[in-house]
Amino acid sequence: MKLIIAEKPDQGSTLASIFKHKKQNGFIEIFPNDIFQQGAYVTWAIGHICQLVAPEKYSSGWKKWSLDNLPIIPDQFEYEVTKDKAKQYQVIKQLVANPAVTEIIHAGDAGREGELIIRNILRLTKCRKPMKRLWISSLTANAIREGFKKLLEEQDTRNLYFEAYTRACADWVVGMNASRLYSLLLQKQGFSDVFSVGRVQTPTLALIVKRELEIENFNSEPFWEVLAYFKINGKKYRGKWQNDGETHVKTKELAEKVAAFCREKPAEVSEVQSERKEFLPPLLYNLSALQAEANKRFKFSPKKTLDIMQKLYQKGNVSYPRSDSRYVTKEEAHTFPDILNKLSQMEDYAAYFPLPNQSIADNKRYVNEKKVTDHYAIIPTEQIPNVEKLSPDERKIYDLVVTSLIAAHYNKSIAEYTTVITIVDGRASFISKGKVQIEEGWKRVIHSKEREDEPALPSLQKGEQGITEKVEVKESQTQPPKRYTEGQLITLMKTAGRHIDDKELEKILSKTEGLGTEATRAGIITMLKDRLYIDVKKNLVYATAKAKILIEAIGPEILASPEMTAKWEQKLKEISEGSAVPKQFMEQTRKMVIHLISSSLEQAQKWSFSEEVRDQFTPGKQKNKRQANTKLGPCKKCDGTIVDKGSFYGCSNYQKNKCDFTISKKILGKTITQKNIKLLLSEGKTEVIEGFINKEKTFNARLCLDEKNRKIRFLFNEPVPK
């Protein structure tokens, strides 16, 4: 009899569902059939049943957080069963030991994490029975049946386990040592909190903090544009004045002068340039691309998208969700006509049929076996759901997967982009840009959510003449870089370091997955939220003061750099390919950690954190006791004193007389520091604060206090100090 061990309960149930079976306590008994002639047992893990043991399990002295105890590097790593999953572990252990069981079928997810989860369990149970591997990319009845008929040998995926095991141990060493190191060193600087540090989370956080600082340090400058409205032979359009190709005018005076010159003057089309551009249909989705698209369209967090995909996968409606490939094999491409035929019967998709191209089996844009890694791209399976029974969110994600496959069978989209130069009164040059869709192609299926920057232009010929009907001057300000959305962050993690200066490292990174893996990126972002390193507001990612402190402390250390990612990922990949040895990798990790400790101890002597960052810092989810109740100035409503109350500034007399005079700590995206509150209460206005954000536009202003109404107002037209 064979024992099948799945990664999750739902997967175990699905694997057993195609056979006659009986549910037991913690496992399912499959009755004899054509595949399992003696029957089989199906049981399951509950995700990671086993975990690496805590430092104090190796040595009691390692329990205390002390710089003297670093580095913490065990000679031999040990796993243990997590307490809340011990019951299911005992079920698996008993089944493994059952004399009737002669062979184990490893049925974890077909990837490195699934490989690690099940093999760790078998290792803890001291299983010596032969093992084979179920490796499938969907949970349809056909895929399950074929998978059991074509089981892999144990050695076929052994190196993948070595990679996953080595990755887990190395991440433990880095996280355990670096987190204690920086928490203890920053504690000496007055920051009493736990600063979690990790091989993947910290480089990701460094990218977010870098963008945050670019926004904070951005000096917004005003500029003007001169817009002219032309009427040429009855055709109307608009243009921007340009000087040497630049449409931004640095002074209002010059803009007004140009506008005055051009009003009601004759205009002539001096140049018309048209360029036809072709756009091929998008590639099929991998997980990162799907998460990015779902975030852009529906504001779904990456974790939410992955959770929805997991449900659809377990229902057998889509292929394996954690795929990093956007290509399929010929074998998969030959299944598409049947899948598409079923989709054509659905009301939601009937309008897209018949397809312009009946097959893409010979289309190398989608069919490329060399670019299919552990799994092919995410596609709908032949097991078409009743979409009415899907939840609204499941339906949205399923629609993305379906339309990507349909669009791949459509022709390219063709558009014509036109640039027109109009000369006013023989001197002033205006530029106009427009777009005309020639052939809709695949865009009939996938409707772009991007804003069209180029409006349609009328048909114009060189030499046509007319009049400048109206001219206006528009004032704007230069804008800082935009904050990342969660979807953009997923894409950034996948491509991190691809454009670094070191050509050799860039070459290495081009072969790796960037920061994290398809399976872990959503979890990394969730971890950064949970550890209070980032805030996500209206789908935009903000770095907290805690994040800035950590990244400033780490500085140029390799721990936060793409260089480390490149070298680690390359070596780990070599382990999975059998060309590198885990022991050598762990020795390199040990040396890196020892260097990190010594260099950080030295650098900590030079750390200096600004008062603004210190004021913003709030440890954990508690108020910063150093900040709380700090007296900042007189209350403007009673005889009390304004103090820092943690999340806002308020009157000290609230308990005594219910005085409700308060000042928000955050105004239009900017944290108002204690220093500026003191100025506001003593002098009536703050310093110039840069980077207020209103409807994605930034501006600089002082805050002033209207003593009569006790309201905070903006004070503009104040010079920015240099």
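Residues numbered from 1 in each chain as written. Predicted model: local features only at pLDDT ≥ 70, side-chain atom pairs only at ≥ 80, totals over all residues. Heavy atoms only, no water.

Focus on the overall build of the chain
Part 1 of the argument: The secondary structure content of the chain amounts to 22 helices and 26 strands.
Part 2 of the argument: Principal axes of the C-alpha set define a box for the chain whose edges measure 95 × 70 × 55 Å.
Part 3 of the argument: Counting the 722 residues in the chain, one finds 52% classified as buried.
Part 4 of the argument: Considering only residue pairs separated by 6 or more positions, the chain has 71% of its internal contacts joining residues 24 or more positions apart.
Part 5 of the argument: For the chain, the accessible area works out to roughly 35,700 Å², and carbon and sulfur atoms hold 48% of it.
Part 6 of the argument: For the chain, the distance from the average position of its 117 positive side-chain charges to the average position of its 93 negative side-chain charges is 4 Å. (Helix = DSSP H or I, 4+ residues; strand = E, 2+ residues; numbered from the N terminus. Buried < 20%, exposed > 50% of the residue type's maximum accessible area, 1.4 Å probe, protein only. Contact = heavy atoms within 4.5 Å. Areas by Shrake-Rupley, 256 points an atom, 1.4 Å probe, with all protein chains shown as cover. Lys, Arg positive; Asp, Glu negative; His and termini not counted. Charge placed at Lys NZ, Arg CZ, Asp CG, Glu CD.)

Digging into the pairing of strand S18 (residues 631–634)
Part 1 of the argument: Summarising the sheet, S18 and strand S19 (residues 641–644) pair through three bridges and their orientation is antiparallel. Bridge pairing in S19 links Gly633 to Ile642. (Pairing = 2+ DSSP bridges.)

Here's the deal with the environment of Gln605
Part 1 of the argument: Looking at the secondary structure, you find Gln605 in the loop between helix H19 (582–603) and helix H20 (611–616).
Part 2 of the argument: On the basis of relative accessibility, which here comes to 69%, the residue Gln605 falls in the exposed class.
Part 3 of the argument: Only 3.4 Å separates the side chain of Gln605 from the backbone oxygen of Leu601, close enough to count as a polar contact. (Polar contact = N/O pair within 3.5 Å; in protein donor to acceptor, adjacent residues only side chain to side chain.)

Concerning unusual backbone geometry
Part 1 of the argument: Omega for the peptide link from Leu70 to Pro71 comes to 5°, which places this bond in the cis form.
Part 2 of the argument: On the secondary structure map, Pro71 appears in the loop between helix H2 (55–58) and strand S6 (79–81).
Part 3 of the argument: In this structure, Pro354 follows Phe353 across a cis peptide bond, with omega equal to 0°.
Part 4 of the argument: As for its placement among the helices and strands, Pro354 is situated in the loop between helix H12 (336–344) and helix H13 (392–408).
Part 5 of the argument: Here the phi dihedral of Glu264 falls at roughly 60°; this positive angle occurs in a residue that is not glycine.
Part 6 of the argument: Following the sequence through the fold, Glu264 ends up in the loop between helix H8 (252–262) and strand S12 (266–279).
Part 7 of the argument: What makes Glu264 exposed here is its relative accessible area of 64%.
Part 8 of the argument: With a phi angle near 60°, Leu532 is a residue other than glycine that sits in the positive phi range.
Part 9 of the argument: On the secondary structure map, Leu532 appears in the loop between helix H16 (521–530) and strand S16 (534–537).

Notes on the side chain of Asp644
Part 1 of the argument: Relative to the elements of secondary structure, Asp644 occurs in strand S19.
Part 2 of the argument: A polar side-chain atom of Asp644 sits 2.8 Å from a polar atom in the side chain of Lys665.
Part 3 of the argument: Within the local environment of Asp644, its side chain forms a polar contact with the side chain of Gln674, the two groups lying 2.9 Å apart.

Re the packing of helix H6 (residues 158–187) against H19
Part 1 of the argument: Between H6 and H19, the shortest axis-to-axis distance is 10 Å and the interhelical angle comes to 10°. Relative to H19, H6 is oriented roughly parallel. Judged by residue contacts, Phe162, Thr166, Cys169, Ala170, Val173, Val174, Asn177, Ala178, Leu181, Tyr182 and Leu185 of H6 engage Pro582, Phe585, Met586, Thr589, Met592, Val593, Leu596, Ile597, Ser600 and Leu601 from H19.
Part 2 of the argument: Considering only residue class, the contact of H6 with H19 consists of 17 nonpolar, four polar and no charged. (Axes fitted to C-alpha atoms, helices over the stretch in contact; angles between N-to-C directions. Parallel < 35°, antiparallel > 145°, perpendicular 65-115°, else oblique. Nonpolar A, V, L, I, M, F, W, Y, C, P; charged D, E, K, R; others polar.)

Remarks on the sheet that holds strand S13 (residues 413–424)
Part 1 of the argument: Strand order in the closed barrel formed by six strands is S10-S11-S14-S13-S12-S15, and the pairing between neighbours is antiparallel. Pairs of neighbouring strands in the sheet enclose a mean axial angle of 35°, with direction left out of account.
Part 2 of the argument: Sheet topology places strand S10 (residues 222–232) next to strand S15 (residues 465–477); eleven bridges connect them, and they run antiparallel. Opposite Pro222, over in S15, you have Gln477 as the bridge partner.
Part 3 of the argument: Along the sheet face, H8 touches S10, strand S11 (235–241), S13, strand S14 (428–439) and S15 and points at about 165° away from the line of S15.

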